[in-house]
Structure formats: C-alpha cells, structure tokens
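Topology and contacts: notes
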Amino acid sequence: MTKNYSMPKDFYWGGASAANQYEGGYKDGGKGLNAVDVLTNGSASEPRKVTWKTADGKTGSTPMVWGKEFKLPEGAKPAPLADYYYPSHEGTDFYHHYKEDIKYMADMGFNMFRLSLNWSRILPNGDDKEPNKEGLAFYDKVFDECAKYGIEPLVTLSHYETPLSLVNRFGGWKDRKMIDIFVHYADIVMNHYKGKVKYWLTFNEINAMDMAPYMGGGLIDGSEQNRAQGAHNQFVASSKVVKLAHEIDQNNQVGQMLAYSAYYPYTADPADQILVMKAKQEMLFYSDVQTGGRYPEYRLKQYERDGIKLDDKPEDYELIENYPADFLSFSCYTSNVLTTHEADAKANGNVSAGGVKNPYLDYNAWGWATDPDVLRIALNDLWDRYHKPLFIVENGLGWGDELTEDHKVHDDYRIDYLRAQIKSMEEAVNEDGIPLMGYTMWSAIDLVSNGTGEMKKRYGFVYVDRDDKGNGSLKRYPKDSFNWYKKVIASHGKDLD
C-alpha cells in the first residue's frame with residue numbers, strides 16, 4: 001500500500017545554484033577572476049579544459065576530467081585565452097536577472113534558496129585587506145530580495161570559486177596560508193551579512209578535492225600529497241570558520257557539504273563488497289573529519305603506506321575535534337555499481353562508458369542512473385554514522401530539455417525523477433525517523449552544467465534561452481515541473497501526483 005507522507009511545517013523547500021555556473025557578470029562590479037573562469041565548455045564526449053600561459057608566453061589547455069589525474073605543465077599558470085569559450089563568464093546571468101529569478105522562486109513557494117558567494121567578487125585577489133564594496137552591495141540586494149518573499153538564504157562560501165590570484169600565487173589550497181585567507185574572507189562576509197544570513201556552508205562537495213582537485217582546491221598539481229594537504233587545510237579552515245561564526249552571531253549555523261553517492265556491489269563476491277567498502281571510505285573520509293571531528297584510522301594508514309606527510313600542527317586537530325560542522329548537507333543524484341567482475345558485467349551488457357550499469361535502473365543520456373531509493377539510503381547511512389542534522393542541498397536530473405514554439409517545456413521525465421526522490425526522502429523521515437532540515441533541488445533556474453560545461457544538460461524548473469556557445473536571449477520560461485513543484489511545496493510534500 002502506497003502511503004502519502006508529508007513533511008513538517010518548518011521544513012525548508014527550495015532550489016540551489018552556484019555562482020560559477022549561474023551568476024555571470026564576470027567583468028561587472030569589480031569582480032576578479034576565479035579558478036572556473038579559465039575552465040572551458042565541454043560536452044558528454046569532450047572534457048572541459050583549463051587554459052594556461054607560461055612566463056615565456058607559451059599557451060595551451062589541459063583536460064580536467066572528474067576522477068582522473070590533473071596537472072598543468074611545469075611553469076604553466078591558469079589564464080584566460082582569446083580563442084576559448086568560458087561558460088562561467090555569463091552563466092545564465094543571475095547578476096542581471098536576480099529580481100526576476102527570485103520572483104520565480106517565490107511563485108513556486110520556496111522558503112529557502114541555496115546560492116554561493118563569488119569569493120573574487122568580494123575580494124578580487126582573494127586576500128585583499130578591504131572588500132570590494134560593489135560586490136558586497138550586490139549580495140545585499142539579493143538577500144533583501146529574498147527577505148521580501150520570506151526566502152531564507154543558504155550560502156556557500158566556496159563553491160569551486162577559489163580566486164585565480166590565490167591559485168597562481170600559492171598553488172591553491174596546498175598552502176597553509178589559505179587557511180587564514182579563507183577565515184579573513186568569512187569574517188568579512190559573516191559580519192557584513194549578520195542578520196541576513198544564518199545558514200552557511202564552507203566548501204561545496206569538499207570531497208571534490210580527490211575527484212577534481214583543480215575545482216575543489218585550485219590545485220594545478222593534483223598529486224596525492226597536494227590533495228591530502230589541501231583537504232587538511234580546508235578542514236582546519238572550516239573549523240576556524242565554525243568557531244568564528246558562532247562568535248559573530250549565536251544564530252549562525254555552519255554546515256559541511258559532501259558529494260554523496262550510494263555504492264552497490266555487482267555480485268555477492270566478497271571482493272566486490274571490499275571494493276564498495278573502500279569507495280565509501282574515500283567518500284566519507286571527508287565527513288568523518290569535518291562532521292565527525294577526527295581523522296579515521298583507515299585514512300591515516302593510507303597516508304602511512306603512501307608516504308604522505310602533512311604540514312600540520314597539534315592545534316589543528318583540537319580545532320577539528322572542538323568545532324565540527326553544525327549539520328551535514330550533501331548532494332546526491334544517483335548510485336553507482338562497482339565490481340571486480342567487469343568482464344562478466346560487459347558480457348551481460350551492463351558496462352558503458354560511465355562504468356558498470358545497474359540492470360535494475362534507467363539511465364539518462366549522460367550515463368547517470370535514476371535510483372528511486374537513493375535518498376533514503378543516503379539519509380540512513382549518514383544519520384547512523386554521524387547523528388547530526390542532515391540537509392539535502394542538491395538532487396536533480398540533467399536532461400536535454402526542448403522549448404516548444406509556444407515557449408513550453410514538457411519535462412515529465414524530471415517530474416517522474418523528483419517524485420521518486422521526494423518519496424524516498426519522505427520515507428526516510430517518516431518511516432525511519434531521520435531528522436532532515438530541508439531539500440533544495442538542483443537547480444532552481446537553468447544554469448551551466450558543472451561536469452560538462454554545457455547548457456543543453458539542463459536541471460532547472462525554469463528554462464533559460466541560452467545555448468552551448470553562449471547564444472540566446474536569456475529569457476526565462478517556466479517548465480511543467482515548475483507548477484508540479486509548486487503543488488508539492490504547497491502540500492508540504494504530500495501531493496506528488
């Protein structure tokens with residue numbers, strides 16, 4: 001028997017975004033460049049590239065592929081070049097459409113909007129002594145517009161937006177100087193927006209340091225040593241920001257943000273179970289430290305085996321233990337299958353370019369599985385491990401939406417996906433008793449795909465007239481999912497038809 005659950009009246013419903021994919025205005029208001037401003041567009045078959053220049057004038061580009069090694073040539077520094085297209089420069093232009101977009105969110109019934117601050121809009125070089133007043137003023141206007149409609153902002157301090165100046169001067173987060181630089185930035189914005197923002201996230205998908213070290217940490221050499229040091233520096237910085245946030249305003253809450261995926265073994269072979277165990281350890285190491293407050297033994301043993309030596313201090317570990325994240329937020333889109341029997345999986349037609357396929361699930365054009373139970377699994381897994389409040393801050397479906405001649409988008413596939421996801425979330429809350437703060441679907445408005453740099457891989461409730469080369473009017477058109485989600489929110493999640 002199907003049960004129609006609802007969520008508590010104080011539950012946060014909304015949508016999410018990221019400045020580097022959405023905001024645009026990269027030359028407006030005194031903004032400096034960030035790491036993603038030199039990341040090109042790509043596609044499902046062509047990776048995005050980091051463009052660079054050397055001191056003697058040589059230029060080039062290096063592919064950035066999630067889960068693959070990344071290193072720029074010796075002496076190369078990331079830089080924008082004339083013959084490339086950089087989607088972040090305009091995104092879908094929230095900078096000039098923020099009033100219109102927030103009105104759309106209000107019309108859907110949002111009571112929360114997750115967005116990120118573009119660090120280099122506020123501190124163009126990342127560590128400027130004084131902030132850029134135009135940058136601060138822009139977000140003041142955004143937060144005031146949210147307040148006008150009763151929308152609470154959830155603000156990410158660093159969503160793959162390490163200022164390019166810090167990347168080029170310090171090599172990104174591998175340098176301990178980045179700790180106090182980040183705290184200086186947080187101090188400025190948390191004091192300036194006191195009373196307007198109380199929910200903060202430090203680093204988006206912090207485990208991207210392992211999966212995409214250039215995006216996650218501004219690392220131009222993503223060696224294991226640099227990734228380990230970059231992660232450690234972010235852990236310490238996060239704990240310092242938690243401490244600072246509570247001192248600035250006792251109402252502040254600072255969360256972690258983790259990229260979560262459920263992992264399933266393809267067979268009952270114990271070797272497959274070990275493979276899944278190790279994959280989960282790779283992922284949950286970041287929450288074990290940032291939310292759990294301590295380095296897990298399995299990662300310390302790995303560092304010992306691999307000869308990793310951290311540039312650390314005893315007080316680092318006291319900070320990590322005493323100032324963990326107040327809550328654990330996470331992204332979760334899909335699940336993955338792992339096996340030591342890939343030949344068998346291939347023989348059964350269960351291997352694609354994206355890896356081993358789950359024969360029980362459907363897949364989109366980019367190889368992502370639609371898993372109807374993944375949020376329930378995620379919420380139980382994370383609650384059982386940490387017993388901290390949880391928040392789903394990214395969950396959604398990328399698809400090649402098409403705009404009809406009468407400016408409609410019939411995205412029943414997205415509605416079907418979200419119906420299953422929200423049902424899974426509600427079962428975790430109502431049947432398993434998991435405390436959940438809210439759900440901000442990715443994304444409120446169409447934006448550039450992070451993984452591929454495309455516009456055609458769309459996620460929003462609102463279609464934006466923009467193509468993969470930056471052409472289009474930027475006009476906004478609500479999709480069918482817009483009215484569906486509005487109905488879901490109005491019923492507190494009970495009406496999913």
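Residues numbered from 1 in each chain as written. Predicted model: local features only at pLDDT ≥ 70, side-chain atom pairs only at ≥ 80, totals over all residues. Heavy atoms only, no water.

A word on the overall build of the protein
- Looking only at helices and strands, the protein has 16 helices and 19 strands in total.
- Summarising its shape, the C-alpha atoms of the protein cover approximately 65 × 55 × 50 Å along the three principal directions.
- By the burial criterion, 59% of the 497 residues in the protein qualify as buried.
- By sequence separation, contacts in the protein at least 24 residues apart represent 76% of the contacts at least 6 residues apart. (Helix = DSSP H or I, 4+ residues; strand = E, 2+ residues; numbered from the N terminus. Buried < 20%, exposed > 50% of the residue type's maximum accessible area, 1.4 Å probe, protein only. Contact = heavy atoms within 4.5 Å.)

Description of the sheet that holds strand E4 (residues 77-78)
- Judged by pairing direction, the sheet is antiparallel, and its three strands sit side by side in the order E3-E2-E4 without closing on themselves. At either end of the open sheet lies a strand with only one pairing partner, and these are strand E3 (59-64) and E4.
- Bridge count for strand E2 (residues 48-53) against E4 is two bridges, and the pairing is antiparallel. Considered in E4, the bridge of Trp52 is made with Pro78. (Pairing = 2+ DSSP bridges.)

Quick look at the sheet that holds strand E10 (residues 327-331)
- The strand order around the closed barrel built from eight strands is E1-E5-E6-E7-E8-E10-E16-E17, with neighbouring strands paired in parallel fashion. Between one strand and the next, the sheet's axes are offset by a mean angle of 25°, whatever the strand orientation.
- Pairing analysis gives three bridges linking strand E1 (residues 12-16) to strand E5 (residues 112-116), with the strands arranged parallel. Paired with Ala16 across the bridge in E5 is Arg114.
- Running over the sheet, helix H15 (residues 412-430) touches E1, strand E16 (390-394) and strand E17 (436-442) and is turned about 170° from E17. (Axes fitted to C-alpha atoms, helices over the stretch in contact; angles between N-to-C directions.)

Brief notes about the side chain of Ser239
- Tracing the chain through its elements places Ser239 in helix H9 (residues 224-248).
- A distance of 3.1 Å separates a polar side-chain atom of Ser239 from the backbone oxygen of Tyr323.
- Not counting the four nearest positions on each side in its chain, Ser239 is found in contact with Leu319, Ile320 and Tyr323. (Polar contact = N/O pair within 3.5 Å; in protein donor to acceptor, adjacent residues only side chain to side chain.)

Comments concerning the environment of Ile415
- Topologically, Ile415 is positioned in helix H15.
- In this structure the C-alpha to C-alpha distance between Ile415 and Lys357, which are 58 residues apart in sequence, comes to 23 Å.

As for the environment of Arg227
- By the element assignment, Arg227 lies in helix H9.
- C-alpha separation for the pair Arg227 and Asn364, spaced 137 residues apart in sequence, amounts to 31 Å.
- From its side chain, Arg227 meets the backbone oxygen of Gly222 in a polar contact 2.7 Å long.

A short note on the packing of aromatic side chains
- Under the criterion given, the structure shown has 34 aromatic pairs.
- With a centroid separation of 6.1 Å and 65° between ring planes, the pair formed by Tyr260 and Phe330 is classed as edge-to-face. Taken together, the positions of Tyr260 in the loop between strand E8 (253-259) and strand E9 (262-265) and Phe330 in strand E10 put the pair 70 residues apart, joining distant regions of the chain. The pair Tyr260 / Phe330 is uniform in exposure class, with both members buried.
- Measuring from ring centre to ring centre gives 5.7 Å for Phe285 and Tyr295, while their planes differ by 55°; the resulting arrangement is tilted. (Phe/Tyr/Trp six-rings, centres within 6.5 Å; stacked < 30°, edge-to-face > 60°.)

Comments concerning the pairing of E1
- The element E1 is extensively covered by neighbouring structure, given that five of its five residues are classed as buried.
- Pairing between E1 and E17: five bridges, direction parallel. Bridge pairing links Tyr12 to Gly438 in E17.

Description of the UniProt feature "active site" (unreviewed entry) in the protein
- UniProt marks Glu394 with the feature "active site" (unreviewed entry), using the numbering shown here.
- Here Glu394 shows up in strand E16.
- On the basis of relative accessibility, which here comes to 4%, the residue Glu394 falls in the buried class.
- Setting aside residues no more than four positions away along its own chain, Glu394 makes contact with Arg114, His159, Asn204, Glu205, Met257, Phe330, Ser331, Cys332, Tyr333, Thr440 and Trp442. (UniProt positions renumbered as here; feature names shortened; annotations may be inferred.)

Notes on the nonpolar core
- Judged by nonpolar contacts, the single largest core of 114 residues is most densely connected at Leu117, Met425, Tyr439 and Tyr485.
- The contact partners of Tyr485, leaving out residues within four places of it in the chain, are Trp13, Gly14, Met108, Phe110, Ile422, Tyr439, Met441 and Phe461.
- In terms of nonpolar packing, the next biggest core, distinct from the first, is built from 20 residues, Val38, Val50, Phe70 and Tyr214 among them. (Core = buried A, V, L, I, M, F, W, Y, C linked by side-chain atoms within 4.5 Å.)

Topic: the side chain of Thr162
- Its location among the elements puts Thr162 in the loop between strand E6 (152-158) and helix H5 (164-170).
- Aside from chain neighbours lying at most four places away, what touches Thr162 is Asn34, Ala35, Trp119, Val167, Trp173, Met178, Gly217 and Gly218.

Quick notes on the packing of helix H10 (residues 270-290) against helix H11 (residues 297-306)
- Orientation of H10 relative to H11, taken along the N-to-C sense of each, is 110°, at an axis distance of 9 Å. Between H10 and H11, the crossing angle belongs to the class labelled roughly perpendicular. Note that H10 runs across H11; the crossing there is left-handed. From H10, Gln281, Glu282, Leu284, Phe285 and Asp288 reach across to H11, where they touch Tyr298, Arg299, Gln302 and Tyr303.
- Partitioning the contact of H10 with H11 into residue classes produces four nonpolar, two polar and three charged. (Parallel < 35°, antiparallel > 145°, perpendicular 65-115°, else oblique. Left-handed = near helix turned anticlockwise from the far one by under 90°. Nonpolar A, V, L, I, M, F, W, Y, C, P; charged D, E, K, R; others polar.)

Description of the environment of Asp411
- Tracing the chain through its elements places Asp411 in the loop between E16 and H15.
- The buried category is assigned to Asp411, whose relative accessible area is 0%.
- Through-space distance from the C-alpha of Asp411 to that of Asp371 is 18 Å; in sequence the pair is 40 residues apart.
- Excluding anything up to four places from it in sequence, Asp411 contacts Asp401, Lys479, Asp480 and Ser481.
- Engagement of the side chain of Asp411 in a polar contact is seen with the side chain of Arg414, the distance being 2.9 Å.

Some details on the packing of H9 against H10
- Two elements in contact, H9 and H10, have axes separated by 10 Å at closest approach and are oriented at 35°. Classified by chirality, the crossing of H10 by H9 is right-handed. In contact with Ala231, Phe235 and Ser238 of H9, H10 contributes Phe285, Tyr286, Val289 and Gln290.
- Residue composition of the contact of H9 with H10, by class: five nonpolar, two polar and no charged.

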